[in-house]
Amino acid sequence: MTQSVVVQVGQCGNQVGCRFWDLALREHSHVNKKGIYDEALSSFFRNVDSRLMSSLQAVLVDMEEGVVNEILQGPLRELFDTTQLITDVSGSGNNWAVGHWTYGSAYREQIVDQLRRAAEHCDCLQCFFLIHSMGGGTGSGLGTCVLKLLEEEFPEVCRIVTSVYPSAEDDVVTSPYNSVLAMRELTEHADCVLPVENQSLVDIVNKIKHMSHSGKPGSVIKKDSAIISGQGGVSGAEKPFDAMNNIIANLLLNITSSARFEGSLNMDLNEIAMNLVPFPRLHYLVPSLTPLYTLADVNIPTRRLDQMFTDAFSKDHQLIRADPKHSLYLACALMVRGNVQVSDLRRNIERLKPMLPFVSWNQEGWKTGLCSVPPVGHSHSLLALANNTCVKSTFMELRDRFTKLYRKKAHMHHYLHVDGMEQGCFTEAISSLSSLIEEYSQLDATKDRLMPDAARLNIAT
Amino acid sequence: MSIVTVQLGQCGNQVGQELFEVISNDANDTQRKVYSECSSERFFNETANRELVARSVLIDMEPKVISQSIAKTGKSGKWRYGDRSHFSQKQGSGNNWANGYCVHGPRHEEVVMDIVRREVEHCDCLAGIVAMMSVAGGTGSGVGTYVTQCLRDTYPNSFILNHLTWPYGTGEVIVQNYNSVLTLSHLYQLSDAILVHENDTVHKICAQLMNIKHISFRDVNKVIAHQLGSVLQPALTGDSHGIYNRNPIGELMSSLVCHPEYKLLSVCNIPQVSSSSMAYSMFTWPGLLKHLRQMLIANSKMEEGIDWQVRAPSFQPEGTERTGSHRRPGFNTSLANLLILRGKDVNDAEISGFQHPSLYTPWLPADEAFSMWKTPVPFNKYEKSAILVSNSQTLLRPLDNMVGKAWNMFASRAYIHQYTKFGISEEDFLDSFTSLEQVISSYSQL
């Protein structure tokens, strides 16, 4: 059984991380009724002593204490060892340069130490999950510094990054700078990035709330089943942002489900990187999750399986705002959980294929996985990860917001004052983003053209 | 004589387990003692406590599938896997042939070959080795190819039959075509014969013949196991002089693989019906053989949907030049065929339809091209079954499609960085493509 280590950086990263641990425990206790430490648990938890006192394979980093202190006082405190927490007091002031250069160099050794310790506890370390946001200072700056460290110290371990991108109406003025500077690091050093947009999460939360409050008969949502629900977990009352963060936590649970539980067609984490990344820099995968909830009324038939597949490709279920159906798919992965058979999977792929434009050299670019254990509260679920050129539009918007500020040199002095930061960093970052957009554009250009098959080798007869 | 199977990767292990189930049920089922004993000896080792232990080596780079297999068979009580006959690691091959072949294979070579050696030593006399794997993933394909290479080096005089499962055309794994091309090109040099099952075909059999509504991989694997079992179970051959053949794999090879350029074999087995319809079905040898012959020449894998319009070209008298008339569109030319008949009244079956020269390529005399095995013992509850193992153009189109898609992807160099980082270069890819184009060309010209 392989293990993964979660590295949560910054306020957002730590809040999402906590929701992840909470839901992971809920899922495992649901499956593992006897409470004995088993193989499945070992992928994220290590057994500290004979009681089920597992310790999380995690490293928590934050440059201000508020969030981490809350964790230390919350119900999950038993699971963390204080050495796993790396904190400072004053925060990064929403400044990528402070996070990346100042704290990056100050805490470098401590961070590397902690990472090594976490890795040593693992029998077979397969993957690092980095959770952070792009718009702030710590998550964005220190988070990407940690990413570089992971690549240097553990080059063979897969790095999957969950990045929360700011919405256009973000209240942090400098978030475009922070995001673009972080993007460069993600493009160079991550194996896979799962971009998530706050606005999409808000839309999903509203949709569910609307559904449950609509008062229509039979529209009561089954307890524990909403993707935003944290009920049944360890933590107590819901805090703001919890609903949104639960969605991301569910994303991580679903990605790792095949590595933790058995199924007829297993899909490991290293297989995700292998199949979904045809060219090294184009590793941004659009996530979408279904179902969002299960209705409680048993008289209403559960939503048909096929509906679940259709939903996964609808904009309502995506975690970033983009339009994959009108862009080009480079590859797509479907991770199915629950009692679903290969024939159901094949039928739905056949059905959906004509509506989804795939690149000419990868017309059947589907990677599929079947895990028998469904998530809590559902009989089956589907996670779709698409490597699609539609992410280009998200990046172009980001570039526009960056350019608006950069043209006026607004706020730049805050960054340039920091040791290690120079004007060059900005120009390199924006040029890296531009060339990434260009690579996606070139592939897009092939979309409507009928590409001829490559001429085959000729054999002399 | 005994056969040792090596089960590689998730598919190889899942199919292998179903195979031993089928064989064990078939052998237990029958009243014919000699048949049962021969089958048991061939596939199982009887321990001191009268337990049947499969002569099988289980290999995978991640542990879940093998632990499940061992647990399941341990419970059934009829047979089990050997306690130390398996090897697994913690982390899979990531669907990457290069990872399997260049990293995992060499790293674990010693341990794996030790287990194989132990299993071979338990055999009084080794009939051959059957390696079972898929071509789409990373372990079955990559590690499987490396292990086949080691087997060839360690047992240069033994027969090695590779059983391959080809994936669904519409993708289970995105890089499946790369993995398949690399596997096939290497195995062609190492293996004595390559027996292929395609998921698409077996899926259709499940859907249309067996009427299974929600087809699972288990259903698919059971059909594959049934077909493979029907080939490997004991039979009386031309050379065996009234007793069950002692050299099944060797005889398979000499009947079907007369030329090193032509190693791809496929299997057709009729009838295949759902267990509920079996009680109501009556089959006759003439009916079965007529369908089977048409399935061969019209390239159909099932009794339903056969194209009866395809006909063999009319017979040319001896001495006249045989032109390309046998290469009619839709007509499947064979190099060699092996017909296996199992069941009641087997000696009454009329098989001359399979011996007609028009079915075969001109450069091999028809009486060399056709062989037959039979046994009066019915197989796996079917009163009569007819199995055709064929070295023909059946796999030509699927192979061509696979190579075409892989080539298209290679032209844009997509995913190549994932292979080069483990040591497979672009030149290696080109070599593989070249070998397979050669195979395609050879089969096209049959």
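Residues numbered from 1 in each chain as written. Chains lettered and ligands numbered in written order. Predicted model: local features only at pLDDT ≥ 70, side-chain atom pairs only at ≥ 80, totals over all residues. Heavy atoms only, no water.

Asks: Looking at this model, I keep getting lost on the overall build of chain A. Mind explaining?
Replies: Check the secondary structure of chain A and you find 13 helices and 12 strands. Split into buried and exposed, the 461 residues of chain A put 62% on the buried side. Counting contacts in chain A only where the partners sit at least 6 residues apart, residues at least 24 apart contribute 82% of the total. For chain A, the exposed surface amounts to about 17900 Å²; the carbon and sulfur share of it is 51%. (Helix = DSSP H or I, 4+ residues; strand = E, 2+ residues; numbered from the N terminus. Buried < 20%, exposed > 50% of the residue type's maximum accessible area, 1.4 Å probe, protein only. Contact = heavy atoms within 4.5 Å. Areas by Shrake-Rupley, 256 points an atom, 1.4 Å probe, with all protein chains shown as cover.)

Asks: Please explain the UniProt feature "domain: Tubulin/FtsZ GTPase" (unreviewed entry) in chain B as it appears in this structure.
Replies: As recorded in UniProt, the feature "domain: Tubulin/FtsZ GTPase" (unreviewed entry) lies at residues 40-240 of chain B. Helix makes up 50% of residues 40-240 of chain B and strand 19%, and the two end C-alpha atoms of the span are 18 Å apart. (UniProt positions renumbered as here; feature names shortened; annotations may be inferred.)

Asks: Mind showing me how you'd approach the packing of aromatic side chains here?
Replies: Aromatic rings considered in pairs are described by the distance between their centres and by the relative angle of their planes. Residues and elements named next belong to chain B. A full pass over the atoms with the stated rule returns 37 aromatic pairs over all chains. Between the aromatic rings of Tyr419 and Phe429, the centroid separation amounts to 5.3 Å while the plane-to-plane angle is 85°, which identifies the pairing as edge-to-face. Within this pair, whereas Tyr419 is found in helix α14 (residues 416-420), its partner Phe429 is found in helix α15 (residues 426-444), the two being separated by 10 residues in sequence. With respect to class, Tyr419 is no different from Phe429; both count as buried. (Phe/Tyr/Trp six-rings, centres within 6.5 Å; stacked < 30°, edge-to-face > 60°.)

Asks: Looking at this structure, I do not really get the confidence of the model for chain A. What am I missing?
Replies: For residues with low pLDDT, the predicted coordinates do not support detailed interpretation. For chain A, the mean per-residue pLDDT works out to 84, and 87% of the residues sit at or above 70. Taken together, the stretch residues 50-54 of chain A has pLDDT below 50 and engages in 11 contacts with residues farther than four places along the chain or on a different chain. (pLDDT = per-residue confidence, 0-100.)

Asks: Could you clarify how one ought to interpret the pattern of salt bridges in this entry?
Replies: For side chains of opposite charge, pairing can occur when their charged atoms come near one another. Residues and elements named next belong to chain A. With the rule as written, the count across this model stands at 33 salt bridges over all chains. For Glu439, the salt bridge identified is with Arg281, shortest N-O distance 2.9 Å. Residue Glu439 is located in helix α13 (residues 423-445), and its partner Arg281 is located in the loop between α8 (269-276) and β9 (286-290); the two are separated by 158 residues in the primary sequence. Residue Arg281 is classed as partly exposed on the basis of its relative accessible area, which comes to 21%. (Salt bridge = Lys/Arg side-chain N within 4 Å of Asp/Glu carboxyl O.)

Asks: Can you walk me through the domain arrangement of chain B in this structure?
Replies: By a widespread convention, an interface's size corresponds to the accessible area lost as its parts come together. Residue and element names in this part refer to chain B. Its domain assignment divides chain B into domain 1 (2-266), domain 2 (270-394) and domain 3 (397-444). A C-alpha centroid distance of 25 Å is found between domain 1 and domain 3. Contacts between the two partners involve 26 residues from domain 1, matched on the other side by 25 residues from domain 3. Summed over both sides, the interface between domain 1 and domain 3 buries roughly 2300 Å², with carbon and sulfur atoms accounting for 72% of that surface. Among the residues of domain 1 in contact with domain 3, Asn177, Tyr178 and Val181 are the three that bury the most area, contributing 29% of the side total. Run the count over domain 1 and domain 3 and you get 0 salt bridges. Counting across the domain 1 and domain 3 interface gives 10 residue pairs in polar contact (both at pLDDT 80 or more). (Domains from an automatic or database assignment. Buried area = accessible area lost by both parts, 1.4 Å probe. Polar contact = N/O pair within 3.5 Å; in protein donor to acceptor, adjacent residues only side chain to side chain.)

Asks: Hey, could you run me through the interface of chain A and chain B in this one?
Replies: Taken together, the 51 residues of chain A in the interface contact 49 residues of chain B. Of the roughly 4200 Å² buried between chain A and chain B, counting both surfaces, carbon and sulfur atoms make up 53%. The tally of links from chain A across to chain B stands at 4 salt bridges. In this structure, A:Arg456 engages B:Glu437 in a salt bridge whose closest nitrogen and oxygen atoms are separated by 2.6 Å. On the surface where chain A and chain B come into contact, there are 25 residue pairs in polar contact (both at pLDDT 80 or more). Within the residue set of the side of chain A that touches chain B, elements represented by two or more residues are β6 (125-133), α7 (242-260), α8, β10 (329-338), α10 (342-352) and β11 (366-371) of chain A. Here the element with the most residues in the side of chain A that touches chain B is α8(A); it accounts for 6 residues. Across the side of chain A that touches chain B, the residue classes tally to 25 nonpolar, 14 polar and 12 charged. (Nonpolar A, V, L, I, M, F, W, Y, C, P; charged D, E, K, R; others polar.)

Asks: Help me understand the sheet that holds β11(A), please; the structure alone is not making it clear to me.
Replies: Consider a sheet: its strands pair through backbone hydrogen bonds, and that pairing is either parallel or antiparallel. Residues and elements named next belong to chain A. Read across the sheet, 4 strands follow the order β9-β12-β10-β11 without closing on themselves; strand pairing throughout is mixed. Sheet topology places β9 and β11 at the edges, where each strand pairs with a single neighbour. For this sheet the average axis-to-axis angle between neighbouring strands, irrespective of direction, equals 15°. With 9 bridges joining them, β10 and strand β12 (residues 380-388) adopt antiparallel strand pairing. When the sheet's bridge partners are listed, Gly338 is paired in β12 with His380. Strand contacts of α7: β9, β10, β11 and β12, with the helix running at about 80° to β10, the strand carrying the most contacts. (Pairing = 2+ DSSP bridges. Axes fitted to C-alpha atoms, helices over the stretch in contact; angles between N-to-C directions.)

Asks: Can you help me understand the confidence of the model for chain B in this one?
Replies: Residue and element names in this part refer to chain B. Overall, the prediction assigns chain B a mean pLDDT of 90, with 97% of residues at 70 or greater. Within the model, the stretch residues 318-326 combines pLDDT values under 50 with 14 contacts to residues more than four positions away or in other chains. The complex model carries a pTM of 0.89, and its ipTM stands at 0.83.

Asks: In this structure, what is going on with the packing of helix α9 (residues 305-312) of chain A against α10(A)? I would like to understand it.
Replies: For any two helices packed against each other, the geometry is given by the interaxial angle and the distance between the axes. Residue and element names in this part refer to chain A. Running from N to C, α9 and α10 point in directions that differ by 45°, and their axes come no closer than 10 Å. The angle between the axes of α9 and α10 places the two elements in the oblique class. α9 and α10 meet at a crossing whose hand is right-handed. Residues Leu305, Asp306, Phe309 and Thr310 of α9 pack against Asp344, Leu345, Arg347, Asn348, Arg351 and Leu352 of α10. In terms of residue class, the contact of α9 with α10 is made up of 4 nonpolar, 2 polar and 4 charged. (Parallel < 35°, antiparallel > 145°, perpendicular 65-115°, else oblique. Left-handed = near helix turned anticlockwise from the far one by under 90°.)

Asks: Is there a simple way to explain the environment of A:Ile247 in this structure?
Replies: Residues and elements named next belong to chain A. When you line up the elements, Ile247 lands in helix α7. On the basis of relative accessible area, Ile247 is assigned to the buried category, the value being 0%. Note: C-alpha distance between Ile247 and Leu147 (100 residues apart in sequence) is 23 Å.

Asks: What exactly am I supposed to notice about the sheet that holds strand β4 (residues 58-62) of chain A here?
Replies: Residues and elements named next belong to chain A. The 6 strands are arranged β5-β4-β1-β6-β7-β8 in an open sheet whose pairing can be described as parallel. In this open sheet, the two strands that pair with only one neighbour each are β5 (85-87) and β8 (192-197). When the angles between neighbouring strand axes are averaged without regard to direction, this sheet yields 15°. Here 3 bridges tie β4 to β5, and the two strands are oriented parallel to one another.

Asks: Looking at this model, I keep getting lost on α15(B). Mind explaining?
Replies: Given 3.6 residues per helical turn, the α-helix brings residues three or four places apart onto the same face. All names here are of chain B. Taking 1.5 Å per residue, 19 residues should reach 27 Å; α15 reaches 27 Å between its end C-alpha atoms and fits that length. Within the span of α15, buried status applies to Phe429, Ser432, Phe433, Leu436, Glu437, Val439, Ile440, Ser441, Ser442 and Tyr443. Contacts from the buried residues of α15 go to α6 (176-190), β10 (264-270), β13 (384-392), α13 (396-411) and α14. (Expected span 1.5 Å × (residues − 1).)

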